Structure formats: C-alpha cells, structure tokens
Amino acid sequence: MYNILKLNKISPVIAGQFDEKYSCVDVCDNPDGILVRSAKMDEYRVGEKLVAIARAGAGVNNIPCDKMAEKGVVVFNTPGANANAVKELVLCAMLLASRDIIGGNKWVNSLSGDDVAKQAEKGKANFAGTEIFGKTIGIVGLGAIGVLVAKSCLALGLKVLGYDPYMSEKSKAALPKEVVISSLDEIYAGSDFITLHVPLLDSTKNMIGKDAFSKMKKGVIVLNMARGGLVDVNAIKEAIAAGVVRKYVVDFPEESVLNTENVIVIPHLGASTEEAEDNCAVMASRQLVEYIENGNIVNSVNYPNLSKERTGKVRTCILFDADAIDKINAVIGDKAVAVRGNYGYAIVDKDAAVTFEHNCGIRKIRVL
Ligand code: MLT
C-alpha cells in the first residue's frame, strides 16, 4: 500500500488515477508521495519513505527542490496543465486595466433613485478607457502560458514582442511567426502592456525594478500572473506615482499592494478554474504513479527526465550526484542514464537488482 499525502485541496478527479494499492490522505507522517498546490514546504520534515512530490501547478517556489534532490526525492510539476486558465486571466487583466470596469461598477452600485440610468449616463465619462486592439504587448517568458498569450493577443489585433533566452523546442515550434523576438530593453521601450511568465528564482527576483521602469514607455500596463516577487513593489509604486506605469495587475496579494491606487490585486486565481484544477491533478497524479511503480521520471524540476520500457525482471533506479556519473557507469555499464545540473538518474533492468560496493555519490536506490 502506498500513502499519498495531499498538502492542499486537490481536485477529486485524482480518485480515478490511483488504484487500490494507494490511499490518498490529508494526514500522514511518512508518505510515499505528496501532492501539493501552494503549501509552503520549506519546513517539511521528509520521512524515510518519501520518494516524490508532485506540484499541481507550474511554479515550484513553495518547494525546496534542491534540498529534496539531496534527499533523493524527485519533485514534479505540471507544465502547461493550467496554461489556458492563466492565459484567460491575463486577457481579463488586460481588459480590467484598460477599461475602468471595477471603478465604474463600484460607482454605479452606489447610485439610487428612479433616474439611475440618467445619473449613470451623466457620470460615465469618469470611467472611460482605452482599447487593446492595435497596441503592443511584450511577453517576458515564452513557455506554455506565454505562447498561448501570444496567440490570443495576435488574434485580438495586438502587436506581440517576446523575450525568452531559454525557450524550449516545443515553445519554438508553437510560437506564431508574427511574434517579434526582442531583448528585454526592446520590450520595455516598445510595449503598452508587459506581461510576465517566468518562474521566481534568485535570478528573477525583483527583475522588474527601478532600472526596468526607467526604460519603459510612459503609461505602460504591467501584468503579473506569474509570481509577486518578480516585481519590486516599492519601485512599481514609484513608477505609478510618476505616471510611468498606468496600472499594475497582480495575482499575488501582499499587504503592501492592497488598496493602492492603480493596482488591481487578484487573490491568486490564475489556475483556479475547474478545468485547470482537474488537468493539474490528473497530470500530477499520473507522474507520481509512473515514478512510484516504474521509476519513470516525467516533468521533474530537480532530476533529469528519463523513461524506459521494462526489459528485465528487476528494475533498479539510481538517483546520484552528477559528478559521480563515471563511477555509476562503471558499475551499471551502458544503461539508460541522464544528467541534469547537479543530479543524475539511471534505470537498469536486469534479472537481479544492481548493487554498489561503495556509495559512489548515490542519493537513493529503488528496486522495483
Ligand atoms: C502555478 O504555479 O501554476 C499556479 O500558481 C498554480 C496554482 O494556482 O496553484
């Protein structure tokens, strides 16, 4: 029996992904796998049975992925599974920032009397906006979400600039040719909207700060459905006060941006649609089962992806430090091995389990 611990509410569709060998529970001291959405796992005490954590979502900044890799725990995410939901919220944010629907709605609800329609006609000039057709959007990050945003914006008549030095082959193939690949500075200088679709890493923290705002077009609308920490809050408040930024729409609430003029704060609803929650839950569960039962790694963020059909009676799965690869190879011979950053993974199918006389930088071995 495998115990899967749910650290957040996860769509009930997961019931169809786990058979009778699994029990999905809300409390468990020593689970085999974990399903998580936004729960912070920095303080999580890893039990000896834990082999994998699957995040039902794209961002993994709530999981200490390196620490998990050191303990031989594979972390998965679900790239693309909620991309359409996030894309639709970006379109919504563009429209909410361009037309003062929120202000107008608040105001109109304050009216009373038989002549509400007349009062509305008289006061509506205070809520006039601008159109998105014909404007330029700069997309920072051309992964699954960025590509979908690009397609929709082209269909809505915008000019699209895109920046992503790490674009995958999949994204390159899917990106419409009308998207003008640009530098960040070109995006800052030429965009009426800037939308962020990059992960929060040490290298991207506060990437949109004073320097970036100093290069932006006056009146730019900044959309942040990616992670709050990408934007320097003090710098954007100054840029708003200076009239450089017309509106900031952010899907990550923090006290310092609440009730701030020209900031629209959304309570992290990007992936909160029935469809996205189901897609993420199914993808995360399948990846967990595939790893627990067959050792195949699909969509890991801290170990290399590696999948193999079984060709022997016993499968040995070896998680190791990348710099130990020669020692590992010397024992296992020419088998399926992959390396990513500091960590490597090998799958060996034989009649019996592979054993190592010395540790050889091994983080975990599983025999399936
Ligand atoms: C993501 O990273 O994909 C989202 O934050 C998912 C979520 O809302 O849980």
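In the block above lies the structure referred to throughout.
On a predicted model such as this, the values are computed, not experimentally measured, just so you know. (Residues numbered from 1 in each chain as written. Predicted model: local features only at pLDDT ≥ 70, side-chain atom pairs only at ≥ 80, totals over all residues. Heavy atoms only, no water.)

1. Points about the packing of aromatic side chains
So, point 1. In total, this model carries 6 aromatic pairs according to the counting rule given.
So, point 2. Between Trp107 and Phe127, the aromatic rings sit 5.3 Å apart at their centres with planes inclined by 35 degrees, giving tilted as the arrangement. Separated by 20 residues along the polypeptide, Trp107 in helix α3 (residues 101-109) and Phe127 in the loop between α4 (116-123) and β6 (136-140) bring together distant segments of the chain.
So, point 3. Looking at Trp107, the relative accessible area reads 24%, which means it is partly exposed.
So, point 4. Both rings, one in Tyr303 and one in Tyr343, keep their centres 5.2 Å apart while their planes meet at 55 degrees; by these two values the pair is tilted. A residue pair is termed long-range when its members are at least 10 positions apart, and Tyr303 in the loop between α10 (274-294) and β13 (314-321) and Tyr343 in strand β15 (residues 343-350) qualify at 40 residues.
So, point 5. Within the aromatic cluster, the residues linked to one another by ring pairs are Tyr2, Phe18 and Tyr22. (Phe/Tyr/Trp six-rings, centres within 6.5 Å; stacked < 30°, edge-to-face > 60°. Helix = DSSP H or I, 4+ residues; strand = E, 2+ residues; numbered from the N terminus. Buried < 20%, exposed > 50% of the residue type's maximum accessible area, 1.4 Å probe, protein only.)

2. A look at the pattern of salt bridges
So, point 1. Applying the stated criterion to the full structure yields 15 salt bridges.
So, point 2. Among the ionic pairs, Lys21 bridges to Glu293, the shortest N-O distance being 3.3 Å. Pair noted here: Lys21 is in the loop between β1 (2-6) and β2 (22-25) and Glu293 is in helix α10, with a separation of 272 residues, a long-range link.
So, point 3. Classification of Lys21 by relative accessible area gives partly exposed; the value is 32%. (Salt bridge = Lys/Arg side-chain N within 4 Å of Asp/Glu carboxyl O.)

3. A few points about the sheet that holds β15
Strand-to-strand pairing in sheets goes through backbone hydrogen bonds, with the strands running parallel or antiparallel.
So, point 1. Taken together, the 4 strands give an open sheet; going across it, the order is β14-β15-β13-β16, and neighbouring strands pair in antiparallel fashion. Each edge of the open sheet is held by one strand with a lone partner, namely β14 (336-340) and β16 (362-367). With strand direction ignored, the average angle separating the axes of adjacent strands in the sheet is 10 degrees.
So, point 2. Pairing of β13 with β15 involves 8 bridges; the strand directions are antiparallel. Bridge pairing in β15 links Cys317 to Ile347.
So, point 3. Against the sheet, helix α11 (residues 325-332) engages β13, β14, β15 and β16, with an angle of about 160 degrees to β13. (Pairing = 2+ DSSP bridges. Axes fitted to C-alpha atoms, helices over the stretch in contact; angles between N-to-C directions. Contact = heavy atoms within 4.5 Å.)

4. Some thoughts on the sheet that holds strand β7 (residues 159-163)
So, point 1. With parallel pairing, the 7 strands of this open sheet are ordered in space as β8-β7-β6-β9-β10-β11-β12. Edge strands, defined here as strands with exactly one partner in the open sheet, are β8 (180-181) and β12 (263-265).
So, point 2. Pairing geometry for β6 and strand β9 (residues 193-196), over 4 bridges, is parallel. In the sheet register, Val140 faces β9, and the bridge partner there is Leu196.
So, point 3. Set on the sheet, helix α9 (residues 233-241) makes contact with β10 (220-224), β11 (245-250) and β12; between it and β11 the angle comes to about 145 degrees.

5. A short note on the pairing of strand β4 (residues 52-55)
So, point 1. Residues Ala52 and Ala54 of β4 are buried on one face, and the alternating residues Ile53 and Arg55, pointing to the opposite face, are buried as well.
So, point 2. Pairing analysis gives 3 bridges linking β4 to strand β5 (residues 74-76), with the strands arranged parallel. In the strand pairing of β5, Ala54 is matched with Phe76.
So, point 3. The β-α-β motif built from β4, the intervening helix α1 (residues 65-70) and the parallel element β5 has right-handed crossover chirality. (Right-handed = clockwise from strand over helix to strand, strands pointing away.)

6. Section: the site of the ligand
So, point 1. In the neighbourhood of the ligand, the contacting residues comprise Arg37, Ser38, Arg55, Gly57, Ala58, Gly59, Asn82, Arg227, His268 and Ala271.
So, point 2. Contact distances for the ligand include 2.7 Å between an oxygen atom and a backbone N or O atom of Ala58.
So, point 3. Asn82 is positioned such that a nitrogen or oxygen atom in its side chain is 2.8 Å from an oxygen atom of the ligand.
So, point 4. When the free accessible area of the ligand is taken as 270 Å², the share hidden by the protein chains comes to 93%. (Near = heavy atom within 4 Å. Polar contact = N/O pair within 3.5 Å; in protein donor to acceptor, adjacent residues only side chain to side chain. Areas by Shrake-Rupley, 256 points an atom, 1.4 Å probe, with all protein chains shown as cover.)

7. Quick word on unusual backbone geometry
So, point 1. Positive phi is not limited to glycine here, since Asn299 has a value of about 65 degrees.
So, point 2. Mapped onto the fold, Asn299 is located in the loop between α10 and β13.
So, point 3. Look at Cys360: it is not a glycine, yet its phi comes out positive at around 55 degrees.
So, point 4. A residue is classified by how much of its surface remains accessible, and Cys360, at 15% relative accessible area, is buried.

8. A short note on helix α2 (residues 83-98)
One turn of the α-helix equals 3.6 residues, which is why residues spaced by three or four share an orientation.
So, point 1. Under the 1.5 Å per step criterion, the end-to-end length of α2 is 23 Å for 16 residues, consistent within 8% with the ideal 22 Å.
So, point 2. Most of α2 sits inside the fold, with 12 of its 16 residues counted as buried.
So, point 3. Burial in α2 covers these residues: Ala83, Ala85, Val86, Lys87, Leu89, Val90, Leu91, Ala93, Met94, Leu96, Ala97 and Ser98. (Expected span 1.5 Å × (residues − 1).)

9. Side note on the environment of Asp26
So, point 1. Looking at where Asp26 falls in the secondary structure, it is placed in the loop between β2 and β3 (33-36).
So, point 2. Taking the relative accessible area as the measure of exposure, Asp26 reaches 55% and is therefore exposed.
So, point 3. For the pair Asp26 and Lys9, spaced 17 residues apart in sequence, the C-alpha separation works out to 8.7 Å.
So, point 4. Sequence-distant contacts of Asp26, defined by excluding residues within four places in its chain, comprise Leu5 and Lys6.

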